[in-house]
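The residues making up each chain are set out below.
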Amino acid sequence: MADMERAGSPSPLQLVKRALPELNGAMQRVAEHILANPDEVARGSITKLAEAAQTSAATVTRLSTHLGYAGYPALRAALAMEVGRGLEAGWTSDIGLAIGPADPPEQVLNVLASTQANALRNALAAIDLAAATRAADAIAGARRTHIYGEWGDAIPARELYIRLLRIGIPVWFFDGPNSSQIGAGLLGEGDVALTVSRSGLDPTTLAFVQRAKAEGALTVTITGVVDSPIGRVTDVVLDTGTLNGTAWTEFFAGRASDVLTAGLLFVLVAQRVPDHLTANHPNGPGQPVVHPDAVVRPDIFVQPDS
């Protein structure tokens with residue numbers, strides 16, 4: 001067993017796979033069940049494994065020794081370690097190292113809040129207000145503004161679209177490669193093409209920017225990487241100060257800076273068309289927002305939805 005525990009030695013699942021062609025009958029069924037359900041076997045008893053493979057506990061023991069283990073307990077321990085490593089690797093590559101699988105809710109909340117706070121501080125230091133002002137001027141006076149965002153980037157992009165639409169800006173949102181190319185092709189002089197791309201690397205976003213720019217539209221990108229393929233070809237780049245990151249925790253943290261930058265742009269546009277805030281209410285100019293099924297009382301003024 002000492003040899004089997006050395007770094008670089010085959011994992012228990014690798015040993016089972018290698019032995020499978022030479023097994024038959026009951027031992028083969030046990031091996032196949034281990035490969036199909038390693039996490040279940042790592043937590044289960046020898047009796048449970050034998051029942052699942054429709055054989056005896058003695059057969060499970062024979063397979064364990066055939067693989068080089070002292071018995072089933074040793075095989076199960078090795079499987080538990082292997083499954084644990086896999087879970088840890090999957091968690092680390094997705095969620096990241098800032099939060100652990102066993103961290104209490106308070107710790108999770110504190111980490112998420114602090115990482116977003118850091119992202120907001122980065123945005124305050126990075127956002128170019130002159131560039132944001134130029135983008136707002138263009139959007140406020142544009143014949144049409146087309147916005148593109150994909151996957152996680154679509155969240156702040158779509159919210160900006162909703163806000164601009166709400167105040168009467170002629171704006172459209174696109175979220176797929178085909179529709180984005182059509183949208184970019186409809187633009188021209190006096191129009192704006194706006195994208196959100198944290199990494200600045202997305203090929204569909206790059207194609208949207210290039211096509212819109214070729215058609216004569218002003219291109220605007222909200223990104224965390226100014227010196228990126230998308231950043232380098234965009235006319236107006238709004239730097240959020242937050243890179244894309246390698247794990248979800250980092251990407252989630254940067255969402256705050258993306259939303260802040262998009263929110264800044266929305267308010268700057270609204271400042272240029274303040275009359276739009278009441279002129280485009282669904283109930284008419286200067287009217288409060290009242291849901292269709294609400295009872296209207298003249299003595300109560302309902303504030304517009306935020």
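Per an unreviewed UniProt entry, the protein chain is named DNA-binding MurR/RpiR family transcriptional regulator, and its organism is Kribbella aluminosa.

(A) Local environment of the pattern of salt bridges. Tallied over the full model, the rule gives eight salt bridges. Asp258 is the partner of Arg198 in a salt bridge, and the nearest nitrogen-oxygen pair spans 2.7 Å. Placement of the pair is Arg198 in the loop between strand E3 (192–196) and helix H11 (203–214) and Asp258 in helix H13 (residues 248–272), with a sequence separation of 60 residues. For the pair shown, Arg198 and Asp258 are each scored as buried. Residues Lys213 and Asp235 are paired through a salt bridge, measuring 3.5 Å at the closest nitrogen-oxygen approach. Pair noted here: Lys213 is in helix H11 and Asp235 is in the loop between helix H12 (229–233) and strand E5 (236–239), with a separation of 22 residues, a long-range link. In this structure Lys213 comes out as partly exposed when scored by relative accessible area, which is 38%.

(B) Here's a closer look at the side chain of Ser257. With respect to the helices and strands, the residue Ser257 is situated in helix H13. Classification of Ser257 by relative accessible area gives buried; the value is 0%. Separated by 3.1 Å, the side chains of Ser257 and Thr242 make a polar contact. Those residues in contact with Ser257, other than ones at most four positions away along the chain, are Ala119, Leu120, Ala123, Thr240 and Thr242.

(C) Highlighting the packing of helix H9 (residues 154–166) against H13. Interhelical geometry of H9 versus H13 gives an angle of 20° and a closest axis separation of 9 Å. Considering their axes alone, H9 and H13 lie roughly parallel with respect to each other. Considering how the two elements wind past one another, H9 and H13 form a crossing that is right-handed. Contact residues: Ile155, Pro156, Glu159, Leu160, Arg163 and Leu164 in H9; Arg255, Asp258, Val259, Ala262, Leu265, Phe266 and Val269 in H13. Split into classes, the residues belonging to the contact of H9 with H13 amount to nine nonpolar, no polar and four charged.

Here is what the cut-offs are and how they apply
Residues numbered from 1 in each chain as written. Predicted model: local features only at pLDDT ≥ 70, side-chain atom pairs only at ≥ 80, totals over all residues. Heavy atoms only, no water. Salt bridge = Lys/Arg side-chain N within 4 Å of Asp/Glu carboxyl O. Helix = DSSP H or I, 4+ residues; strand = E, 2+ residues; numbered from the N terminus. Buried < 20%, exposed > 50% of the residue type's maximum accessible area, 1.4 Å probe, protein only. Polar contact = N/O pair within 3.5 Å; in protein donor to acceptor, adjacent residues only side chain to side chain. Contact = heavy atoms within 4.5 Å. Axes fitted to C-alpha atoms, helices over the stretch in contact; angles between N-to-C directions. Parallel < 35°, antiparallel > 145°, perpendicular 65-115°, else oblique. Left-handed = near helix turned anticlockwise from the far one by under 90°. Nonpolar A, V, L, I, M, F, W, Y, C, P; charged D, E, K, R; others polar.

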